[in-house]
Amino acid sequence: MNAPGPARHDFAATLARHGLQLPVQGLDTLQVNLTLTCNQACRHCHVDASPARREALSAEGVAACLHWLARDPAIRTLDLTGGAPELHPQFRELVRGARALGRQVMVRHNLTVQLDPHPLTGESLADLPAFFAEQAVEVVSSLPYYEAFFTDTQRGKGVFEKSLEALRRLNARGYGDPASGLVLNLVYNPVGPYLPAAQASLEADYRRVLGERHGLRFNRLYALTNVPIHRFALHLRKTGQYEAYLDKLLAAFNPAAAEGVMCRRLISVDHRGRLYDCDFNQQIGLQAEDAQGQPLSLDNADRERLLGRPIRFGSHCLACTAGAGSSCGGATA
Amino acid sequence: MNPYYNADDLQKFGEIGRHGKALADQFFQYYGAVTGQDGALTRREKALIALAIAHAQKCPYCIDAYTTGSLEAGASPEQMMEAVHVAAVMQAGITLVHSVQMQNKLDQLVL
C-alpha cells in the first residue's frame, strides 16, 4: 500500500471538492501483467521489475485469460505488460490465442529485450519484431526522450542506442509505416518529479529528431506522468521531494482529465490472477472489490460484478488527473 | 534557518497580494497570459527566455521555477544550457560595448 500522506492529497476528497464521481463506464480492455522479470531495472519503474524478479502468471492463469476473452466479446483489447511480458514462457501462446479470437493485442515492449539475452534462460529474443508483425501486434514502447541523456539516466547506460537499434528492426518489419497497418507507438515520461510537456508538441519533436537524425518512424507518442509509487516514490522520499511532487500533481488537477481515466474501462490482472482497477493499484496491492467488498480475481470475476464495482482510489491517482491527464494511452484531456 | 532566499518561499509567491490584492491579481493574470500558453512564441521558447533572464538577474527562485518549467515545456538540458550562455554572452557584450564609450572619451582626452 502507499504510505499515508497529508489529508490534502486524498484523491476521493479531491473528486468530491470538484463535484466529480468516476463510476466504471465499461470494460473493453483486459490488461495482464504477465511477469515482473525484466532485462532492465529502470530508476522510475513503478513495478520494481528487474532481471532478479521471478513472479509470473501461471500457465493456468494464461489459459483463464484466454477463456475470459472467449466468453466476453465486449473485451476488444488485450494489453500485455510486465516487467517485460515477452519474457513470460506462455507469452506467444497468449498472443496467438487472443489474435485467433480476433482481439487487438497491445504489447508494452521495452525495445532492448530484443537485444538482451533472456535473464533466466539466456535465449535470444531477436525474432520478436517478426513475431509481432506476423501477429499484427500493436507495439507500445517507452523511449523517455529523443536524446541519449534522459533515456540513459532513467533506463541505464547505453539503453538509448540499443533502443534505436530495436526501433530500426521494428521499422524494417513495417512498424511505424502508415501503409503497413503495423502500429508502433512511443511513450514519453519525465525523468523526474515534473509534469510532461504537451503531448502534441513532444510528438512533433520526436518525429522530427528521430526521423532526421536516425531515419526512424513511429505512429503516435503518448506522454505519461510518473506515478509516485514504489521505486519512484522511494527516490522522492529519499530526496525530500515526495510531498512537493504530490502538491504539484494536486495543483494541476484537471477535472476533464479525471473524466478520461483508464480505470473506468479497464481491468488489470496480476501474476496471481488477482484483479485491480489499474496496473498502479496492482503494484501497491489495492485489489479490486465488487460492490459487496469481495476481492475480485480471475476465478470469480464476471462482467456484471466488474461493471458494478466501485473504483478504488489513492493519492497516487493524482498523477493520472494532472494537467492533460495520463493513461496507458497517453493524455486524457 | 537562513532568512534570505529560502527555496520554500517560492510557494509563497501568491501571497504577494496580502497587502495589495488588486495589483497582485492583475500581475498574475498578466503573468499567466504571457507564460502559460503558446502565442507567437511557444511555451518552450518563453520558458527558455525566462530561464536566461533568471540567470542574468541572479534570481534563485526563478532558476528553480524555470528549470522545472523548461523541462515541463519539453526542453532538453542542452537547450537550457544554451539559453544560459545567451544570457552570459549578452552580459559580456553589454560590458564590452561600453568600451566604445571609453574609446570615444579616450579620443577626446588624448591629444
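Cut-offs applied
- Residues numbered from 1 in each chain as written.
- Chains lettered and ligands numbered in written order.
- Predicted model: local features only at pLDDT ≥ 70, side-chain atom pairs only at ≥ 80, totals over all residues.
- Helix = DSSP H or I, 4+ residues; strand = E, 2+ residues; numbered from the N terminus.
- Buried ≥ 20, exposed ≤ 12 C-beta atoms within 10 Å, placed from the backbone.
- Pairing = 2+ DSSP bridges.
- Contact = placed C-beta atoms within 7 Å.
- Nonpolar A, V, L, I, M, F, W, Y, C, P; charged D, E, K, R; others polar.
- Right-handed = clockwise from strand over helix to strand, strands pointing away.
- Expected span 1.5 Å × (residues − 1).
- Arc of directions from axis to C-beta.
- Axes fitted to C-alpha atoms, helices over the stretch in contact; angles between N-to-C directions.
- Parallel < 35°, antiparallel > 145°, perpendicular 65-115°, else oblique.
- Core = buried A, V, L, I, M, F, W, Y, C linked by C-beta atoms within 7 Å.

### Some remarks on unusual backbone geometry
Cis geometry is adopted by the peptide bond preceding A:Gly83, which originates at A:Gly82 and carries an omega value of 25°. One can find A:Gly83 in the loop between β2 (77-82) and α3 (91-100). Positive phi, normally seen in glycine, also occurs at A:Asp48, with a value near 60°. Turning to its location among the elements, A:Asp48 is positioned in the loop between β1 (29-35) and α2 (59-71). Given 18 C-beta atoms within 10 Å, A:Asp48 falls into the partly exposed group. In the Ramachandran plot, B:Tyr5 falls in the positive-phi region, its phi being about 50° despite a non-glycine side chain. One can find B:Tyr5 in the segment before α1 (21-35). When the 10 C-beta atoms within 10 Å are taken as the criterion, B:Tyr5 is described as exposed.

### Structural notes on the sheet that holds strand β8 (residues 275-276) of chain A
Residue and element names in this part refer to chain A. Read across the open sheet, the eight strands follow the order β6-β5-β4-β3-β2-β1-β7-β8; overall the sheet is mixed. Looking at strand neighbours, the two that pair on one side only are β6 (221-223) and β8, the edges of this open sheet. For strand β7 (residues 266-269) and β8, the ladder comprises two bridges, and the chain directions are antiparallel. Following the sheet pairing, serine 268 is matched in β8 by tyrosine 276.

### Notes on the interface of chain B and chain A
Each side of the interface is counted separately: chain B has seven residues, and chain A has nine residues. Considering every element that reaches the side of chain B that touches chain A, the biggest residue donor is helix α3 (residues 60-72) of chain B, with three residues. Taken together, the residues of the side of chain B that touches chain A break down into three nonpolar, three polar and one charged.

### A short note on the pairing of strand β4 (residues 138-142) of chain A
Residues and elements named next belong to chain A. Buried residues dominate β4, accounting for four of its five residues. One ladder, built from three bridges, connects strand β3 (residues 104-108) with β4; its direction is parallel. Considered in β4, the bridge of arginine 108 is made with valine 140. Once you follow β3 into helix α4 (residues 128-135) and on to β4, the crossover reads as right-handed.

### Overview of α2(A)
Residues and elements named next belong to chain A. With 13 residues, α2 ought to run about 18 Å at 1.5 Å a step, and its terminal C-alpha atoms sit 19 Å apart, in line with that. Buried residues of α2: Gly61, Val62, Cys65 and Leu69, and no others. Buried residues of α2, viewed axially, fall in a sector of 105°; they line one side. In α2, the exposed residues that point more than 90 degrees away from the buried face are Glu60, His67 and Arg71. Buried residues belonging to α2 abut β1, β2, α3 and β7.

### Brief notes about the pairing of strand β5 (residues 184-188) of chain A
Looking along a regular strand, one sees side chains alternate from face to face of the sheet. Residue and element names in this part refer to chain A. Side chains of β5 alternate between two faces, with Leu184, Leu186 and Tyr188 buried and Asn185 and Val187 left unburied. Bridge count for β5 against β6 is three bridges, and the pairing is parallel. By the bridge assignment, tyrosine 188 is partnered in β6 with alanine 223. Taken together, β5, helix α7 (residues 199-214) and β6 form a β-α-β motif whose crossover is right-handed.

### A word on the packing of α2(A) against α3(A)
Residue and element names in this part refer to chain A. Running from N to C, α2 and α3 point in directions that differ by 10°, and their axes come no closer than 10 Å. In terms of their interaxial angle, α2 and α3 are classed as roughly parallel. Judged by residue contacts, Val62, Cys65, Leu66 and Leu69 of α2 engage Glu93, Leu94, Gly97 and Ala98 from α3. Split into classes, the residues belonging to the contact of α2 with α3 amount to six nonpolar, one polar and one charged.

### Points about the nonpolar core
With 101 residues, the main nonpolar core has A:Leu30, A:Val32, A:Val105, A:Val107 and A:Val139 as its most contacted residues. Tallying contributions element by element places helix α2 (residues 43-56) of chain B first for this core, with five residues. When near neighbours in sequence (up to four residues on either side) are disregarded, A:Val105 contacts A:Leu78, A:Leu80, A:Val95, A:Ala98, A:Arg99, A:Gln135, A:Val137 and A:Glu138.

### Digging into the environment of B:Gly20
Mapped onto the secondary structure, B:Gly20 falls in the segment before α1. Sequence spacing of B:Gly20 and B:Ala75 is 55 residues, and the spatial spacing of their C-alpha atoms is 35 Å.

### As for the packing of helix α5 (residues 148-155) of chain A against helix α6 (residues 159-172) of chain A
All names here are of chain A. Running from N to C, α5 and α6 point in directions that differ by 105°, and their axes come no closer than 8 Å. Taken together, α5 and α6 sit at an angle that is classed as roughly perpendicular. Across the interface between the two elements, Ala148, Thr151, Asp152 and Arg155 of α5 pack against Val159, Phe160 and Ser163 of α6. Grouping the constituent residues of the contact of α5 with α6 by class yields three nonpolar, two polar and two charged.

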